[in-house]
Each structure stands twice: as C-alpha cells, then as structure tokens.
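Residue-level listing of the chains:
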Amino acid sequence: MTKHKFYLYPKDVDSFGFDWGRLALTVAPEVNGAERFSGGVVDLPSGEGHARHNHPGSEEIIFVISGEGEQMVEDENGIPVTKNVGPGCTIYVPESRFHSTKNTGHGPMQLFVVYSPAGPERALRDLPDFRLVPPGI
C-alpha cells in the first residue's frame, strides 16, 4: 500500500465486470489497507441489475448517486420489500439479508456501496460471468 491510495477514482482500480454491470472497489484491504469495511462504485446500464443475493455476516449500505431503479430488501421475516429509488437515497441492508437492485431508468444508474466487515465482495470472483477489468477500461 502506498499513501496515494487515500484518493481514488473508480478508473484508477481494477473493476469486477459482470453481464449486469460493474463494481470498482475503491476502498478495501487489498486496495488501500481498509480494515473494517470495503466499498466502491457500481455501474448498472439501463434495464440491468443484480439478482437476489446476500452477504453472510456483513451489513451493506447502498447510496444512489444517479439514475433510478427498484431496490428490494427482505424484511426480518424474509418478505421482499421493494421501493423505487433515485439520487440521494440511502439503502441499509441488515447483516445477511437478501436484496437486489435493478436499473429501471432510461440511462445508467450509479451506486456507492459499503460492506462491513470487508470481504463479501471477494465471493463475486466466483460468479460465472465475473471478469477482471484493468484500470482505465
């Protein structure tokens, strides 16, 4: 780790590419030494989204930077609660709770996500459509 990694843009780091979009981790133990959480920028093209999933042992914060979509978070009884979300909305996903996001707008949707503790994003590398995208691409 070097000190210049305190200030990062998504274009500066490897991204996780998927059929549904991209995640650029700008904060993580392997990126800049963060110990208690990880986070980054998710880009979802129009009509795309990620399927229902959870992060065992981790909470998640999703902040909508731009675009519009549908966000589902299951309640404490496992019942899906879906809301329309847009810029400025913060979504809290409790530990291990199932959730999904879909871009329902006409343009791209951009999110900032935070996982605590760090680590659940590592499992994304095991998905069949995962590809590592080098910085700047």
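Think of each chain on its own: its residues are numbered from 1, step by step along the sequence as written. Two thresholds apply to this predicted model, a pLDDT of at least 70 for residue-level local features and 80 or more for giving and counting side-chain atom pairs, whereas whole-chain, interface and lining totals are computed over all residues. Just so you know, side-chain values use all the structure's heavy atoms and leave hydrogens and water out.

### Some remarks on the overall build of the protein
Each helix and strand in the protein was counted, giving 1 helix and 11 strands. Order of helices (α) and strands (β) in the protein, N terminus to C terminus: β-β-α-β-β-β-β-β-β-β-β-β. Only C-alpha atoms enter the radius of gyration; for comparison, a globular chain is expected to reach 2.2 Å times N to the power 0.38, where N is the number of residues. The globule rule puts the C-alpha radius of gyration for 137 residues at 14 Å, and the 14 Å found for the protein is close to it. A total of 137 residues make up the protein; the buried ones form 39% of that total. Residues are treated as being in contact if the distance between any of their heavy atoms lies within 4.5 Å. Counted over contacts in the protein with a minimum sequence separation of 6, partners at least 24 positions apart contribute 69%. We count Lys and Arg on the positive side and Asp and Glu on the negative side, and we leave His and both chain ends out. For charged residues, the charge sits on one atom: NZ in Lys, CZ in Arg, CG in Asp, CD in Glu. Of note, the protein has its 12 positive side-chain charges centred 5 Å away from the centre of its 18 negative side-chain charges. Labels follow the DSSP assignment, with helices taken as runs of H or I lasting at least four residues and strands as runs of E lasting at least two, numbered in each case from the N terminus. Whether a residue is buried, partly exposed or exposed follows from its accessible area with a 1.4 Å probe, protein chains only, as a fraction of its type maximum: under 20%, in between, or over 50%, in that order.

### Considerations on the pattern of salt bridges
When a carboxyl oxygen of Asp or Glu lies within 4 Å of a side-chain nitrogen of Lys or Arg, that pair is called a salt bridge. With the rule as written, the count across this model stands at 4 salt bridges. Here Asp12 ties to Lys11 by a salt bridge, and the two come within 3.4 Å at their closest N and O atoms. Taking relative accessible area as the criterion, Lys11 reaches 56% and is therefore assigned exposed. A salt bridge links Arg52 to Glu74; its shortest N-O distance comes to 3.0 Å. Of this pair, Arg52 sits in strand β4 (residues 49-53) while Glu74 sits in strand β6 (residues 69-74), and the two are 22 residues apart along the sequence. Under the relative-accessibility criterion, Arg52 is labelled partly exposed at 48%.

### Comments concerning the packing of aromatic side chains
Ring geometry is summarised as follows: Phe, Tyr and Trp rings, the Trp one being its six-membered ring, pair when their centres sit within 6.5 Å, and such pairs are stacked at plane angles under 30 degrees, edge-to-face over 60 and tilted between the two. Summed over all chains, the structure comprises 3 aromatic pairs. Their ring planes at 80° and their centres at 5.2 Å tell us that Phe16 and Phe130 sit as a pair that is edge-to-face. You can see Phe16 sitting in strand β1 (residues 15-18) and its partner Phe130 sitting in the loop between β10 (109-116) and β11 (131-133), a full 114 residues away along the chain. Overall, Phe16 belongs to the buried group, its relative accessible area being 4%. The criterion is that NZ of a Lys, or CZ of an Arg, lies within 6 Å of the ring centre and within 35 degrees of the ring normal, and then a charge sits over that ring. It is Arg52 that lies over the ring of Phe98; its NZ or CZ is 3.8 Å from the centre.

### Let's talk about the side chain of Glu74
Exposure remark for Glu74: the relative accessible area of 9% places this residue in the buried category. Here a polar contact is taken to be a pair of N or O atoms separated by no more than 3.5 Å, where protein atoms must pair a possible hydrogen donor with a possible acceptor and residues adjacent in sequence count only if both atoms sit in side chains. In this structure the side chain of Glu74 is engaged in a polar contact, spanning 3.0 Å, whose partner is the side chain of Arg52. Setting aside residues up to four positions removed in sequence, Glu74 forms contacts with Arg52, Ile79, Pro80, Val81, Arg97 and Phe98.

### A short note on the pairing of strand β3 (residues 38-44)
For β3, the tally of buried residues reaches 6 of 7 residues, placing the bulk of the element in the interior. Bridge count between β3 and β10: 7 bridges; the pairing is antiparallel. Among the inter-strand pairings, Val42 is bridged to a residue of β10, identified as Leu111. For two strands to be treated as a pair, DSSP must find no fewer than two bridges joining them.

### Considering the nonpolar core
To form a nonpolar core, buried Ala, Val, Leu, Ile, Met, Phe, Trp, Tyr and Cys residues must be joined to one another through side-chain atoms within 4.5 Å. The biggest cluster of nonpolar side chains holds 22 residues, and the ones touching the most others in it are Leu23, Val42, Ile91, Leu111 and Val113. Of all elements in the fold, only β1, β2 (21-27), β3, β5 (59-66), β8 (90-93) and β10 reach the threshold of two or more residues within this core. Ranked by residues supplied to this core, first place goes to β10 with 4 residues. Apart from residues lying up to four places away in sequence, Ile91 is in contact with Glu60, Ile61, Ile62, Val64, Gln71, Val73 and Val85.

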